[in-house]
Amino acid sequence: MRKLLLLIIFILPLSIFSQDSYLANLPISGGVSEIGVSPSERIWIATKAGNTYYTDKIGELWHIGPFGSFDPYNISSGKTFERINFFDENTLMISGFIQEGGKQDFVFRSTDKGITWDKVKFGKSSWIDAAYINDNGKAWMSGNSQLIYYTENKGETWKSFDKAGNENALRFATIHFAKDEKTGLFGSFWNVLYKTTDNCITWERLATPLDQKKYKRLSKEHRPDIRKIRVFGDYYIINQQGNIFYTKNDDINWIELPNIADFETTPDDSIYLIDTDLKIDFRDSSFVSIWKSDKQLKSLPVAVKAKNKSLFAFIYGEIYKINQNDFIVSKLMTNEVPIREPYLKVNFKNEEIGFDGNTVLRFDKQNTEWYRFMELPINVSNAVIFNNQIVVADNHLDQRMIVDIDEQKTIEYELPKSLFNLSKNNINKFSIEIGSQGCFHSDKQFREYQLKKGYFKLTAKGKQFLSKMDKEINPQILNEIVSEIDNSRFKKLSINDLEISKKDLENFKNFIDKEEQKIKKNGYNRFEFDNYYSFPGENTDFEFYKNVADRFETIPDSIVNEVFNTGYGNWSTTTDWRKITIEFKNGDILTIENSDDKPNYLYTPWIINFNGLIIKSNSLALGHKINELTEGDLYADVSKEKKYAIYKVADFLYKQTLSEK
């Protein structure tokens, strides 16, 4: 079995795989809530799709486990694995929603390091929502039956404790016990925190941060779930609804940790804190900081586990091992499947070059498989042959670089000052379309114009689409649209570009007052997806929105640029789009498109595609010109309102303050 140490340290801007370029990224299918780490630091992952994966050590190859497959679309019926845990080096347990014959009354247990697995019944049928396993062979679990399941012999046999408290339908989301194995905390999905000091015989309900009004829920519709609870030293630490607090255990008075995003405790009562800047802060049982990392995680971890005084952090595609001496990050690689066909390819010098994340792939014709050729400092979302060079862009379309295959290096790239030469290459025809594509429907409407005798003449149309548009269009407006795309690449928006008057600002404040009264009267509907003016909840600080209007002229240009350069995205199974396609006489193709579920003001940002080169434009002038071309008939009315432009700025700033709390 081939094994390869794949340790990639962040200080390296570009890495070349020299030992085994044919290893594939581990194709993980399904969500991951927890990871398992053994005393020797073997790592196992179990997913909600019923798949298992493992490695013998960080940096070594990954393998498919006994459940599931490498098929990314595989879903195992009745096997929703929420977690995998080690009792010791040999004994593992998988729990979650595991069903057979209509019952969910068992866990999977292995006593031979995961080679073979048995079903072990724990009691009354229950979806196991939460579990805590310690290093002494004891475990506590709870689920929708509301009973507490307990083992003292590494999951071999179980007994049940009665439910905590008198609440109906009380389900716990997180459990943690102190070293005395009697003191435990149980946090629910809905603002209930219980403590036991005699191993689940008696219960005391503790105040939560929400009970103590240490934060304000924006809406009663938002679930005040307790996502994680831990005991360490003389302290408790909690994540409630994404807010982190800690307290002394003898006097419950929650203190917020606003700069902490996640945490995990160690068996010796130390604690790892993950800061919002993704650096690591290690503290002892007295909550005193011992050391802090200089390096940071790539993103917020999906799951963390403390073992052997190290923090293991899992991010899809990578796993970290962090302690005072090490900050190791390893890609999850396997030799059990070939590298998949890349989602993005270009043809360069008669050779297909592929891109997968930040990896450049080439094809081995002799072995008929792809291999990893080099790594880039960015994840690639766009790749194109432009002026006989491979030009790639990052996910945000902000960074571009040339990939030099021959020299195996990258060079920063700036687009030319002009992409289009309208004096030499006139537009031949253009079309405008809107469409919608979903699971059970597909619809498209369009209008097409052809250049004839100096004017664009309508040659095709669908139904009554854009009926206000003239049948004959002056080429000047199309040339202005193309020129604005070219010029806007080097412009930054300012608050003045919004052309907001004092009357607009007063109208906006009156509108906010009416929206506040409407929500107070009718209640808050978080499922009102078709409402462009959506607020975080009935407890929104509406005064904040009005205060933004009062200081609108002082809003920094950087904020304006970010607001109108950020799309809503597509979060449903249905995609709606608006698109203009311009064809030049020499065959060049330019498209201008927006497919956001909720469009921004004037449908910014537009995604521009010129012969495969993709850029973004947040030009308000471009939005106005497209509106002019279509006689105001292409946009939804709300997207053209000045109060909507003000709202987008105020809403951005308000949500920014919420994320900082």
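Residues numbered from 1 in each chain as written. Predicted model: local features only at pLDDT ≥ 70, side-chain atom pairs only at ≥ 80, totals over all residues. Heavy atoms only, no water.

1. Let's talk about the overall build of the protein
Within the protein, the secondary structure is distributed over 6 helices and 46 strands. The globule rule puts the C-alpha radius of gyration for 661 residues at 26 Å, and the 29 Å found for the protein is close to it. Judged by the C-alpha coordinates and their principal axes, the protein covers about 90 × 70 × 50 Å. A burial count over the protein gives 54% of its 661 residues as buried. (Helix = DSSP H or I, 4+ residues; strand = E, 2+ residues; numbered from the N terminus. Rg over C-alpha atoms; globule rule 2.2 N^0.38 Å. Buried < 20%, exposed > 50% of the residue type's maximum accessible area, 1.4 Å probe, protein only.)

2. Observations regarding the packing of aromatic side chains
In the structure shown here, the tally under the stated rule is 51 aromatic pairs. When the centroid spacing of 6.0 Å and the interplanar angle of 80 degrees are considered together, the rings of Y320 and F327 count as edge-to-face. Taken together, a centroid distance of 6.3 Å and an interplanar angle of 15 degrees make the contact between Y545 and Y647 stacked. Placement of Y545 in helix 3 (residues 542–550) and of Y647 in helix 6 (residues 642–660) is noted, with a sequence separation of 102 residues between them. We note that Y545, like Y647, is buried. (Phe/Tyr/Trp six-rings, centres within 6.5 Å; stacked < 30°, edge-to-face > 60°.)

3. Overview of the sheet that holds strand 34 (residues 369–375)
Here we have 4 strands laid out as an open sheet, ordered 31-32-33-34, and antiparallel in their pairing. Sheet topology places strand 31 (344–348) and strand 34 at the edges, where each strand pairs with a single neighbour. Between one strand and the next, the sheet's axes are offset by a mean angle of 35 degrees, whatever the strand orientation. Sheet analysis places strand 33 (residues 359–364) next to strand 34, joined by 6 bridges and oriented antiparallel. Looking at strand 34, one finds that D364 is bridged to E369. (Pairing = 2+ DSSP bridges. Axes fitted to C-alpha atoms, helices over the stretch in contact; angles between N-to-C directions.)

4. Remarks on unusual backbone geometry
Excluding glycine, residues mostly carry a negative phi; peptide bonds, for their part, are mostly trans. Looking along the chain, the bond that leaves T604 and enters P605 is cis, with omega of -10 degrees. You will see that L278, though not glycine, has its phi angle at about 70 degrees, which is positive. Mapped onto the secondary structure, L278 falls in the loop between strand 23 (271–275) and strand 24 (279–283). The residue N387 is not glycine, and still its phi comes out positive at about 55 degrees. Secondary-structure assignment places N387 in the loop between strand 35 (382–386) and strand 36 (389–393). Look at N387 and you get exposed, because its relative accessible area is 55%.

5. Section: helix 5 (residues 620–629)
With 7 of 10 residues buried, helix 5 lies mostly within the body of the structure. When we look at burial in helix 5, the residues that qualify are L620, L622, G623, K625, I626, N627 and L629. The opening residue of helix 5, the one whose side-chain oxygen lies 3.3 Å from the backbone nitrogen of A621, is S619. Positioned one or two residues after helix 5, E631 has a phi angle of 55 degrees, which is positive. (Polar contact = N/O pair within 3.5 Å; in protein donor to acceptor, adjacent residues only side chain to side chain.)

6. Overview of the sheet that holds strand 22 (residues 260–265)
Hydrogen bonding along the main chain pairs the strands of a sheet, whether they run parallel or antiparallel. One open sheet holds the 4 strands; their spatial order is 22-23-24-25, and the pairing between them is antiparallel. The open sheet has two edge strands, strand 22 and strand 25 (289–296), and neither has a second partner. Direction aside, neighbouring strands of the sheet carry axes that sit 20 degrees apart on average.

7. Considering the confidence of the model for the protein
Taken as a whole, the protein shows an average pLDDT of 92; of its residues, 96% reach a score of 70 or greater. Confidence drops under a pLDDT of 50 for residues 1–19, and excluding neighbours within four residues, the segment shows 55 contacts in the predicted structure. (pLDDT = per-residue confidence, 0-100. Contact = heavy atoms within 4.5 Å.)

8. What to know about the pattern of salt bridges
Applying the stated criterion to the full structure yields 37 salt bridges. Among the ionic pairs, E41 bridges to K321, the shortest N-O distance being 2.9 Å. A residue pair is termed long-range when its members are at least 10 positions apart, and E41 in the loop between strand 2 (35–37) and strand 3 (43–46) and K321 in strand 28 (residues 318–322) qualify at 280 residues. K321 shares its class with E41; the two are buried. E264 is the partner of K228 in a salt bridge, and the nearest nitrogen-oxygen pair spans 3.9 Å. Of this pair, K228 sits in strand 18 (residues 226–232) while E264 sits in strand 22; the two residues are 36 residues apart in sequence, bridging distant segments of the chain. Of the two residues, K228 and E264, neither departs from the other in class, the shared state being buried. Among the charged side chains, a network of salt bridges with common partners joins K228, R230, D262 and E264. (Salt bridge = Lys/Arg side-chain N within 4 Å of Asp/Glu carboxyl O.)

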